[in-house]
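Structure at a glance
Listed below are the residues making up each chain.
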Amino acid sequence: ADGAAAAAAPASMYGFTSFGVIMQWAMNGGASVLTLSRTASAAKGVSYAASQYRRVSPSLAFATAVSWQQKAKAVPNVQFGVESKLSADDTAKAKFGSSGRIGLAYATRLSSFATATLGLDVNSSNTADHSVGVDVVFDA
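Quantities reported herein were computed from a predicted structural model and do not represent experimental measurements.

Further remarks concern a nonpolar patch on the surface. Taken together, the side chains of Leu86, Leu104, Tyr106, Leu110, Phe113, Leu118, Leu120, Val132, Val134, Val136 and Phe138 make up a nonpolar region of the molecular surface, amounting to roughly 1,100 Å² of accessible area. Those elements that place two or more of their residues in the nonpolar patch are strand E7 (101–111), strand E8 (114–123) and strand E9 (130–138). In terms of residue count, E9 provides more of the nonpolar patch than any other element does, four residues in total. Tracing the sequence through the fold places valine 134 in strand E9. Residue classification places valine 134 among the exposed residues on the basis of a relative accessible area of 66%.

Below is the structure:
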C-alpha cells in the first residue's frame, strides 16, 4: 500500500481535511483563549497552528502563536504580541516574529464616531520590505 495514502486515510475517511479546537477560560481576574488547528491542502500540504491569548488586566494583554508545515526541514514560525490600553481612547500594540517581522500600531478614538490607527510593519531581514499604513474608521 502507498504510505502517503495510508497516512491520510484516517482524516479523509471521515471527510475531514482540517479541524480546530478552541478553549477559553477565566481565572485570577484575567481571561485566556487557546486555539489549535490542523489544515490540509493540495498546494501547501499539512500545516499546524497553535495560539494563546491572555488578558492579564483590563489594560494589558499578551499573545503567542506558532505555526509550521509538515514537510522536510520546515521551520516553525513563532510570534509574540502585546497590547496595552494607554487610556480610554488610546491603544498601542506590538508584534514580533521569528521571521524577522516587527509590527507596531497605535489607535486613538478621534471622536464618538471616528477612530484612527497608524501602523508600521518592518522586516528586519530585508530592509526594502517595510510598510506604513493609516486607517480611519467612521462608526455609524
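In this section: the pairing of strand E4 (residues 60–69). Relative to E4, strand E3 (residues 45–57) runs antiparallel, the two sharing 10 bridges. Note that in E4 the partner of alanine 50 across the bridge is valine 66. Taking the residues between adjacent antiparallel strands as the criterion, E3 and E4 are bridged by two residues. Pairing of E4 with strand E5 (residues 77–85), which is carried by eight bridges, proceeds in the antiparallel orientation. Each bridged residue has a counterpart across the sheet, and for serine 67 the counterpart in E5 is asparagine 77.

Another point: the side chain of threonine 108. Mapped onto the elements, threonine 108 comes out in strand E7. For threonine 108, a relative accessible area of 18% translates into the label buried. Apart from residues no more than four positions distant in its own chain, threonine 108 is found in contact with Asp89, Asp90, Thr115 and Ala116.

Further remarks concern the environment of aspartate 90. By the secondary structure assignment, aspartate 90 is in strand E6 (residues 90–97). Between the alpha carbons of aspartate 90 and tyrosine 106 there is a distance of 7.3 Å; along the sequence they are 16 residues apart. In this structure aspartate 90 touches Ser84, Lys85, Tyr106, Ala107 and Thr108, once residues within four positions along its chain are discounted. There is a polar contact of 3.0 Å between the side chain of aspartate 90 and the side chain of serine 87.

Tallied over the full model, the rule gives five salt bridges. Notably, a salt bridge pairs arginine 109 with aspartate 139, separated by 3.2 Å at the nearest N-O pair. Taken as a pair, arginine 109 in strand E7 and aspartate 139 in the segment after E9 lie far apart in primary sequence, 30 residues in all. The class for arginine 109 is partly exposed, based on a relative accessible area of 33%.

With that out of the way, let us pick up the confidence of the model for the chain. Here the chain averages 82 in pLDDT, and 83% of its residues register 70 or above. Considering each helix and strand of the chain separately, the mean pLDDT is smallest for helix H1 (residues 3–13), with a value of 46, and largest for E6, with 96. This stretch, residues 1–13, has a pLDDT under 50; its non-local contacts, to residues over four places away or in other chains, come to two contacts.

Procedures and definitions
- By convention here, each chain's residues receive numbers from 1 onward along its written sequence.
- Since the coordinates come from a predicted model, pLDDT governs what is reported: local features require at least 70, and pairs of side-chain atoms require 80 or more to be given and counted, while whole-chain, interface and lining totals use all residues.
- Calculated side-chain values reflect all of the structure's heavy atoms, with hydrogen atoms and water omitted.
- Nonpolar side chains (Val, Leu, Ile, Met, Phe, Trp, Tyr) are joined into patches within 5 Å and like charges within 9 Å, using only residues with over 30% relative accessible area and no salt bridge.
- Note that accessible areas follow from Shrake-Rupley with a 1.4 Å probe, and for residues the cover is restricted to the protein chains shown.
- Here, a salt bridge means any Lys or Arg side-chain nitrogen found within 4 Å of an Asp or Glu carboxyl oxygen.
- Segments assigned H or I by DSSP are reported as helices when at least four residues long, segments assigned E as strands when at least two residues long, and all are numbered from the N terminus.
- Using a 1.4 Å probe on the protein chains alone, a residue whose accessible area is under 20% of its type maximum counts as buried, one over 50% counts as exposed, and one in between counts as partly exposed.
- In this analysis, strands are considered paired if DSSP registers two or more bridges between them.
- Two residues qualify as a contact provided that any one of their heavy atoms is within 4.5 Å of a heavy atom in the partner residue.
- The definition of a polar contact used here is a pair of N or O atoms within 3.5 Å, where within protein one atom must be able to donate a hydrogen and the other to accept one, and adjacent residues in sequence count solely through side-chain atom pairs.
- Across the chain, each position has a pLDDT score giving the predictor's confidence in that residue, from 0 to 100.

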